[in-house]
Amino acid sequence: MVDSTFRRIKFFDTQTGYLVSNQGTIYSEHIKKELKQMPNKDGYPTVHIRCAQQGIDSRYFVHRLVAEYFVDGDKTLSVDHIDGNKLNNKASNLCYMDIKDNIKKYHVDKFFHGKKRKLPSGRRSNVFSADQVILMRDLAEKGVPISDIAKQMGEKYNYIYAVVKYKVHKYV
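Since the structure is predicted, the reported quantities are computational estimates derived from the model, not experimental observations. (Residues numbered from 1 in each chain as written. Predicted model: local features only at pLDDT ≥ 70, side-chain atom pairs only at ≥ 80, totals over all residues. Heavy atoms only, no water.)

A. Representation of the overall build of the chain. Secondary structure summary: the chain contains five helices and nine strands in total. In the chain, the succession of α and β elements from N to C terminus is β-β-β-β-β-β-β-α-β-β-α-α-α-α. In the chain, buried positions account for 37% of the 172 residues. In the chain, the proportion of contacts linking residues at least 24 apart, taken out of those at least 6 apart, comes to 40%. Surface summary for the chain: the accessible area is close to 11000 Å², and the carbon and sulfur share equals 52%. (Helix = DSSP H or I, 4+ residues; strand = E, 2+ residues; numbered from the N terminus. Buried < 20%, exposed > 50% of the residue type's maximum accessible area, 1.4 Å probe, protein only. Contact = heavy atoms within 4.5 Å. Areas by Shrake-Rupley, 256 points an atom, 1.4 Å probe, with all protein chains shown as cover.)

B. The arrangement of the environment of N22 in detail. With respect to the secondary-structure elements, N22 resides in the loop between β2 (14–21) and β3 (26–28). Among the residues examined, N22 registers a relative accessible area of 17% and is labelled buried. Counting along the chain gives 71 residues from N22 to N93, while the straight-line C-alpha distance between them is 10.0 Å. In this structure N22 touches D3, S4, T5, F70, K90 and A91, once residues within four positions along its chain are discounted.

C. Spotlight on the packing of helix α3 (residues 130–141) against helix α5 (residues 157–164). Two numbers describe how α3 lies on α5: the axes approach to 9 Å, and their chain directions differ by 90°. Our classification of the angle between α3 and α5 gives roughly perpendicular. In this structure, α3 contributes V133, M136, R137 and A140 to the contact, and α5 contributes I160, V163 and V164. Along the lines of polarity and charge, the residues of the contact of α3 with α5 split into six nonpolar, no polar and one charged. (Axes fitted to C-alpha atoms, helices over the stretch in contact; angles between N-to-C directions. Parallel < 35°, antiparallel > 145°, perpendicular 65-115°, else oblique. Nonpolar A, V, L, I, M, F, W, Y, C, P; charged D, E, K, R; others polar.)

D. Spatial organisation of the nonpolar core. Core analysis: the biggest nonpolar cluster contains 19 residues, and I9, V20, I26, V47, I49, L65 and V66 have the highest contact counts within it. Those elements that provide at least two residues to this core are β1 (6–11), β2, β6 (45–51), α1 (62–70) and β9 (94–97). Tallying contributions element by element places α1 first for this core, with six residues. Beyond its immediate stretch of four places on either side in the chain, V47 contacts I26, L35, K36, Q37, S58, R59, Y60, V62 and L65. (Core = buried A, V, L, I, M, F, W, Y, C linked by side-chain atoms within 4.5 Å.)

E. Quick peek at the side chain of S28. Take S28: it is sitting in strand β3. Classification of S28 as buried rests on a relative accessible area of 2%. Within polar-contact distance, the side chain of S28 engages the backbone nitrogen of H30 at 3.2 Å. With residues near it in sequence (within four places) discarded, S28 still touches G17, Y18, K33 and L35. (Polar contact = N/O pair within 3.5 Å; in protein donor to acceptor, adjacent residues only side chain to side chain.)

Structure, rendered in structure tokens:
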């Protein structure tokens, strides 16, 4: 069994009555048990923390709390899950990374691991973020066939061709 190390969560130098572990768990001293983690709409586990002294009553990302107390690095950067698993919030699986690099890593991982992107209902499938457009162009430049890129992005070949050839998303 792996030993857990706990540290007190503080907001504005005030004790909150909550502990965070290097294994990705949050413990409440008030109710004497581990807090239930609820995924947000993107699948990242969150916990509900209340601190009446500071007027705090909000949901917090578990990976952000673990990184804040156990991971060295620039706390202003994005927190990356090294293995790509949003549910693995162990300190050993987290690192700080520039948001642009984090987004690019996510899309490269998704492309090469064969995961198709899920679109929120009502969103057109041919709407891509600037980072996705840059990624598609980089992949095409590296010799990945447009048909493979189209399959992985869940879009028709003709549209990906237009993206790669700067016929659409010209200013990215």
